[in-house]
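Here is how the chains run, residue by residue.
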Amino acid sequence: MRSRSKNRRGIGLLVAGLIGLAVLPASAQTPTAGTADEWVSKLAGLETAPDLDLVALRQQAVEKIKSKADGAPQKRAAIAPQLLKLPQLNLDIQFDEDAAVVRPESYRTLGRIADTLTQPKLLAYKFLIVGHTVSTGRRENNLTLSQRRADVIREVLVNTFKVSSKRLQAIGLGEEQLTDGAHPAAAVNQQTQVATIGSAP
């Protein structure tokens with residue numbers, strides 16, 4: 001009898017745990033969650049293409065770091081606020097530590113990105129891959145690392161998943177545009193952003 005009651009208690013706890021997971025708010029769930037239609041919906045509907053000069057933006061980030069402007073991460077204003085207003089996905093893509101090597105477990109996410117970008121509703125658009133890092137280590141190193149990682153994601157999408165290279169651009173912003181400025185070392189700050197930036201050529 002005791003073993004039966006223990007089993008029932010264990011099953012009850014398991015069910016309660018599963019119910020608890022089901023009612024977690026969206027913000028607490030994994031950023032890679034969502035159906036294919038939801039991903040398409042998040043990237044569709046660009047109203048006005050942003051005026052983006054990626055070369056100038058990179059240079060602006062370099063100069064900001066050299067001048068030691070906004071030294072404390074919590075005080076840094078977004079270096080490219082226009083990106084925040086675009087249709088976008090923010091995704092967890094895992095890399096080897098301090099390297100631009102995508103971990104095998106993240107290739108499924110990259111495949112989902114490719115599938116999303118090649119949906120009929122999105123074929124008319126081009127996209128920007130934005131790399132970010134947490135605010136640890138040297139700012140200039142983080143800027144370089146984020147650019148390398150954004151470039152690698154673009155390369156994988158183009159070479160492995162056959163997304164047209166004309167539809168993809170990449171930029172790394174390092175720790176210059178933190179998602180959670182109040183917690184600069186939080187993992188959310190190294191998510192990769194995929195943003196819709198205009199009509200495909």
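See the structure printed just above.
Description of the structure in this document. Values in this document were obtained by computation on a predicted structure and should not be read as measured data.

So, on to the pairing of strand β2 (residues 125-131). Summarising burial for β2: six of the seven residues are buried, a large majority. Note that β2 and strand β4 (residues 192-199) share six bridges and pair antiparallel. Opposite leucine 128, over in β4, you have alanine 195 as the bridge partner. For β2 and strand β3 (residues 168-172), the ladder comprises five bridges, and the chain directions are parallel. Residue pairing for β3: valine 130 is matched across the bridge by isoleucine 171.

Another point: the sheet that holds strand β1 (residues 88-91). Strand order in the open sheet formed by four strands is β1-β4-β2-β3, with mixed pairing between adjacent strands. Two strands lie at the open edges of the sheet, namely β1 and β3, each paired on one side alone. When the angles between neighbouring strand axes are averaged without regard to direction, this sheet yields 25°. Relative to β3, helix α5 (residues 139-159) is tilted by about 160°, and along the sheet it contacts β2, β3 and β4.

What follows deals with the layout of surface pockets. There is about 390 Å³ of room inside the largest pocket. Looking at which element gives the most residues to the lining of the largest pocket, the answer is α5, with five residues.

Turning next to the packing of helix α3 (residues 54-66) against α5. Contact pair α3 / α5: the axes reach a minimum separation of 9 Å and the direction vectors enclose 160°. As far as their axial angle goes, α5 and α3 are roughly antiparallel. The handedness of the crossing between α3 and α5 is right-handed. On the side of α3, the interface is formed by Arg58, Ala61, Val62, Lys64 and Ile65, while α5 contributes Arg139, Glu140, Leu143 and Gln147. In the contact of α3 with α5, the residues fall into four nonpolar, one polar and four charged.

A word on the nonpolar core. Counting 43 residues, the largest nonpolar core has Leu110, Ile113, Leu117, Phe127, Leu157, Leu168 and Leu173 as its most contacted members. Every element with two or more residues in this core is listed here: α2 (36-43), α3, β1, α4 (107-117), β2, α5, β3 and β4. Sorting elements by how many residues they give to this core places α5 first, with seven residues. The contacts of phenylalanine 127, once residues within four sequence positions are left out, are Leu43, Leu117, Leu122, Arg167, Leu168, Gln169, Val194, Ala195, Thr196 and Ile197.

Thresholds applied
Residues numbered from 1 in each chain as written. Predicted model: local features only at pLDDT ≥ 70, side-chain atom pairs only at ≥ 80, totals over all residues. Heavy atoms only, no water. Buried < 20%, exposed > 50% of the residue type's maximum accessible area, 1.4 Å probe, protein only. Helix = DSSP H or I, 4+ residues; strand = E, 2+ residues; numbered from the N terminus. Pairing = 2+ DSSP bridges. Axes fitted to C-alpha atoms, helices over the stretch in contact; angles between N-to-C directions. Contact = heavy atoms within 4.5 Å. 1 Å grid on protein atoms, 1.4 Å probe; cavity = no way out; pocket = protein on both sides within 12 Å on 5 of 7 lines; lining within 4 Å. Points joined across faces, edges and corners; volume = space filled by probe spheres on them. Parallel < 35°, antiparallel > 145°, perpendicular 65-115°, else oblique. Left-handed = near helix turned anticlockwise from the far one by under 90°. Nonpolar A, V, L, I, M, F, W, Y, C, P; charged D, E, K, R; others polar. Core = buried A, V, L, I, M, F, W, Y, C linked by side-chain atoms within 4.5 Å.

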